[in-house]
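Residue-level structural notes
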Amino acid sequence: MPAAGAAPAAHEFESLSREFALVCDADGVVAWCDERCRRALAIEPGAALTALAAPGTRPKLVALFEQGAAHEVRDWEVSLIVHGVPATIGFSARPHEAGIVLVGRLAPEAYLRAIDQLSDSMQEVLTLNREVVAQKRELQKRHDEALRLHRELSEAHQGVLGMHRELEDRAAQLAEAAELKSRIVANVSHEFRTPLHAIQGLTRLLLDGLDGPLTPEQAKQIGFIRASAEELIQFVDDFLDLSRAEAGKAAVRVEKFELADLVAALRGMLRPLLPRDSEVALVFEEPAAASLETDRTKVAQIVRNLVSNALKFTLHGEVRVTFGVVDGVLEVRVADTGIGIAPEHLDRIFEEFGQVESAPPTRVKGTGLGLSLSRRLAELLGGEIEVESQPGRGSTFTLRVPPQHPEAREMRELVERSRHRAPGAASILVVEDDRKQMFVY
Ligand code: ADP
């Protein structure tokens, strides 16, 4: 046994060599400590161990000294402030002639690391928790907002439903009114046409001199009557066509034909519109070959309207008509060197009875229906009419229609599909009675 006050022999602590050791008196004043203890607790002989006690742990430390002085004590955990940081140390103690031998053991690294990790995790959990709470609050806000929007939407929906019902009622009333209008127009047109045709026939008889020769003045007057009757017949025909087109009752008769044949027919039909003494040249450009499948009569009717307008409003120069298929669309251009149309009137000319006041007096008076009818007919063919014009320089009207009527194309696709299912199947005749359409494949 070493003498009192002397350092304990190294072998006494051999089994504890990975720990630190110190000897202190009953008050905890260090009499001796090993190197590891100096480093671990930052303490020197002469210092009191109790000075390191963490707040509240001093009584436990004092109890350790008391018991260690009396008998052997194991695994006595005490919290000390080491290097300014709290550390848990497990002490074993036993009496020694110099006082008490203490063997200390810092809590294992893994344990400390686990505590550190735990505290980090706790921090993370707290942060997450704070975020979750914030998110929950945000979600609640959004939920409230969504509820409010839902309420507003369902109110708006109710409103829309109400408006929809009103619109349906109005549409039904309008359809009835349109039906009534077209019936009246059809009847009135008939009533007009009969006497007009009679006037036309009688004036022809008179002009042909079947009832005896006319004086030049009489022939001139009868010529005026005949021209007026023809104008009125044209007006009644346009009016009837427009009313049919608007009521969706215009029959679309799709047929296959060559563009060149249409142009030849139009040339023959439109040349007589040019007065003999006219200073205007009517030029039809030769079209490239193209096959069409649409309502030939309606295309011709539109082109006739455009050309007759161009001739009406052109006193010098030329009216040039060109045909072609551009980007898969049939394009007919009627370009004149006439009086042109001011930009502010370009929209009005397509309205029913839309005429431009400033137009100078021309040879033939119009009805103001030709362009609105032409536009409606173009729409029936799945196309459109556009105009470009410069006052004093001339106008170009362009009709664009699909070379194949959209419904004819649909039918053809339908038939193609059915042929795929039944190879060599017979031709199909499709008659769409309601809309007065007929397609044969
Ligand atoms: P209208 O029977 O009066 O010609 P339209 O509907 O065919 O009726 O034409 C409406 C108006 O558009 C015409 O009155 C005329 O003012 C103008 N317009 C149409 N085509 C031409 C053109 N080629 N040049 C100048 N003005 C035109």
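Scroll up to find the structure this text is about.
For the structure given in this document, a descriptive report is provided here. (Residues numbered from 1 in each chain as written. Predicted model: local features only at pLDDT ≥ 70, side-chain atom pairs only at ≥ 80, totals over all residues. Heavy atoms only, no water.)

Quick look at the overall build of the chain now. When helices and strands are counted, the chain shows 8 helices and 14 strands. For the chain, buried positions account for 34% of its 441 residues. The long-range fraction of contacts in the chain, counting pairs at least 24 apart against all pairs at least 6 apart in sequence, stands at 58%. With an accessible surface of roughly 27000 Å², the chain has 56% of that area assigned to carbon and sulfur atoms. (Helix = DSSP H or I, 4+ residues; strand = E, 2+ residues; numbered from the N terminus. Buried < 20%, exposed > 50% of the residue type's maximum accessible area, 1.4 Å probe, protein only. Contact = heavy atoms within 4.5 Å. Areas by Shrake-Rupley, 256 points an atom, 1.4 Å probe, with all protein chains shown as cover.)

Our focus in this paragraph is a nonpolar patch on the surface. Together, Leu-180, Ile-184, Val-188 and Phe-192 make up an exposed nonpolar region whose accessible area comes to about 350 Å². Structurally, Val-188 is set in helix α3 (residues 109-207). (Patch = residues over 30% accessible without salt bridge, like charges linked within 9 Å, V, L, I, M, F, W, Y side chains within 5 Å. Salt bridge = Lys/Arg side-chain N within 4 Å of Asp/Glu carboxyl O.)

Of all hydrophobic cores here, the largest spans 41 residues; its most connected members are Val-303, Val-321, Phe-397 and Leu-399. Elements that contribute at least two residues to this core include exactly α5 (259-270), β7 (280-284), α6 (296-312), β9 (317-326), β10 (329-336), α7 (370-380), β11 (384-390) and β12 (394-401). Within the second largest apolar cluster, 26 residues are counted, among which are Cys-24, Ala-40, Leu-49 and Val-73. (Core = buried A, V, L, I, M, F, W, Y, C linked by side-chain atoms within 4.5 Å.)

So, on to the sheet that holds strand β4 (residues 85-96). Paired through backbone hydrogen bonds, the strands of a sheet run either parallel or antiparallel to each other. The 5 strands are arranged β2-β1-β5-β4-β3 in an open sheet whose pairing can be described as antiparallel. With one partner strand each, in any of the chains shown, β2 (30-33) and β3 (73-82) form the two edges of the open sheet. The sheet shows a mean angle of 30° between the axes of neighbouring strands, taken without regard to direction. Where β4 meets strand β5 (residues 99-106), 8 bridges bridge the pair, whose relative direction is antiparallel. (Pairing = 2+ DSSP bridges. Axes fitted to C-alpha atoms, helices over the stretch in contact; angles between N-to-C directions.)

All right, on to the packing of α5 against α6 then. In contact at an axis separation of 11 Å, α5 and α6 are set at 45° when each is read in the N-to-C sense. When the interaxial angle is binned, α5 and α6 end up oblique. Remark: the crossing between α5 and α6 carries right-handed chirality. On α6, the residues that touch Asp-261, Leu-262, Ala-265, Leu-266, Met-269 and Leu-270 of α5 are Arg-296, Val-299, Ala-300, Val-303, Arg-304 and Val-307. Grouping the amino acids of the contact of α5 with α6 by side-chain chemistry returns 9 nonpolar, no polar and 3 charged. (Parallel < 35°, antiparallel > 145°, perpendicular 65-115°, else oblique. Left-handed = near helix turned anticlockwise from the far one by under 90°. Nonpolar A, V, L, I, M, F, W, Y, C, P; charged D, E, K, R; others polar.)

It is worth spelling out unusual backbone geometry at this point. Of note, the phi angle at His-83 is positive, near 50°, even though the residue is not glycine. With respect to the secondary-structure elements, His-83 resides in the loop between β3 and β4. Residue class for His-83 comes out exposed when judged on its relative accessible area of 58%. Backbone geometry at Asp-327 places phi at a positive 50°, although glycine is not the residue there. Mapped onto the elements, Asp-327 comes out in the loop between β9 and β10. For Asp-327, a relative accessible area of 77% puts it in the exposed group.

Let us now look at the packing of aromatic side chains. By convention here, two paired aromatic rings are described through the distance between centres and the angle between planes. Counting across every chain of the model gives 2 aromatic pairs. With a centroid separation of 6.3 Å and an interplanar angle of 90°, the aromatic rings of Phe-20 and Phe-91 are classed as edge-to-face. With Phe-20 in strand β1 (residues 20-24) and Phe-91 in strand β4, the pair connects residues that are 71 residues apart, well separated along the chain. Neither residue differs from the other here; Phe-20 and Phe-91 are each classed as buried. Stacked on the ring of Phe-257, the Lys or Arg Arg-296 has its end atom at 5.5 Å from the ring centre. (Phe/Tyr/Trp six-rings, centres within 6.5 Å; stacked < 30°, edge-to-face > 60°. Lys NZ or Arg CZ within 6 Å of the ring centre and 35° of its normal.)

Such coordinate-based values are descriptive only and should not be taken to indicate function.
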